[in-house]
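Structure at a glance
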Amino acid sequence: MIYADFEYYTAEYMGRAVPEEDFPRLAMRASRYIDYITQGKAQKRADLEAVKMCCCALAESEQQIETAQELARKSLYAEAADGAEVQSESVGGWSRSFRSGGSSSRDASDAAATVRNLRYSVVQEYLAPAGLLYRGGGCCR
């Protein structure tokens, strides 16, 4: 179940980062993460604003992860093709410095990992007040 659609994303969440054609894919990933973290509790409360807002915020996070992973792949392919990518250039007294593709790839992979780690803080911000992260049981006798 996808918790938010593109119309909700643009009108209520007021998001602009994710293009319409990418939103369904990213919202599906975000919704699956919500289901995982809430152990399915969000499915029973899909009408909550908190769940929809969380889905939108996580869709943007998924986009950042996807972009970082794509940059990592491109950096690795650039290294395989010509050995290095241009890191900087100057015009006056012309100079050019290169960065190894492995270094760029590692930086992009680290960025993706950082965003992945921040996803849970996004979930906490939206879903903890709604009680969807509570993992305890009922009262024991």
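Here's what I pulled together on the structure shown here. (Residues numbered from 1 in each chain as written. Predicted model: local features only at pLDDT ≥ 70, side-chain atom pairs only at ≥ 80, totals over all residues. Heavy atoms only, no water.)

Regarding the packing of aromatic side chains
Quick note on the threshold: Two rings from Phe, Tyr or Trp (for Trp, the six-membered ring) form a pair when their centres are within 6.5 Å of each other. A pair whose planes differ by under 30 degrees is stacked, one over 60 is edge-to-face, and the rest are tilted. A helix here means a DSSP run of H or I that spans at least four residues, while a strand means a run of E at least two residues long, and both kinds are numbered starting from the N terminus. Remark: exposure states derive from per-residue accessible area (1.4 Å probe, protein chains only) relative to the maximum for the residue type, with buried under 20%, exposed over 50%, and partly exposed in between.
Following the criterion strictly, the structure yields five aromatic pairs and no others. When the centroid spacing of 5.9 Å and the interplanar angle of 40° are considered together, the rings of Phe6 and Tyr9 count as tilted. Of the two residues, Phe6 and Tyr9 are both situated in helix 1 (residues 6–11); the distance of three residues between them amounts to about one turn of the helix. Taking the centre distance of 5.8 Å and the plane angle of 70° together, the rings of Phe6 and Phe23 count as edge-to-face. Of this pair, Phe6 sits in helix 1 while Phe23 is found in helix 2 (residues 23–38), placing the two residues 17 residues apart along the sequence. A relative accessible area of 22% places Phe6 in the partly exposed class. On the accessibility criterion, Phe23 (2% relative accessible area) is buried. The structure contains a cluster of three or more aromatic residues connected by ring pairs, namely Phe6, Tyr9, Tyr13 and Phe23.

Thoughts on the pattern of salt bridges
Formally: We define a salt bridge as a contact between a side-chain nitrogen of Lys or Arg and a carboxyl oxygen of Asp or Glu at a distance within 4 Å.
Under the counting rule described, the total for this entry stands at four salt bridges. Here Arg25 ties to Glu66 by a salt bridge, and the two come within 2.6 Å at their closest N and O atoms. With Arg25 in helix 2 and Glu66 in helix 4 (residues 49–82), this residue pair connects regions lying 41 residues apart in the sequence. Its relative accessible area of 22% is what places Glu66 among the partly exposed residues. Glu62 is the salt-bridge partner of Arg119, the closest N and O atoms lying 2.9 Å from each other. Here Glu62 lies in helix 4 and Arg119 lies in helix 5 (residues 101–127), a separation of 57 residues in the sequence. On the basis of relative accessibility, which here comes to 7%, the residue Glu62 falls in the buried class. Connected through shared salt-bridge partners, Asp22, Arg25, Arg29 and Glu66 make up one network.

By themselves, these figures tell us nothing about what the structure is for.
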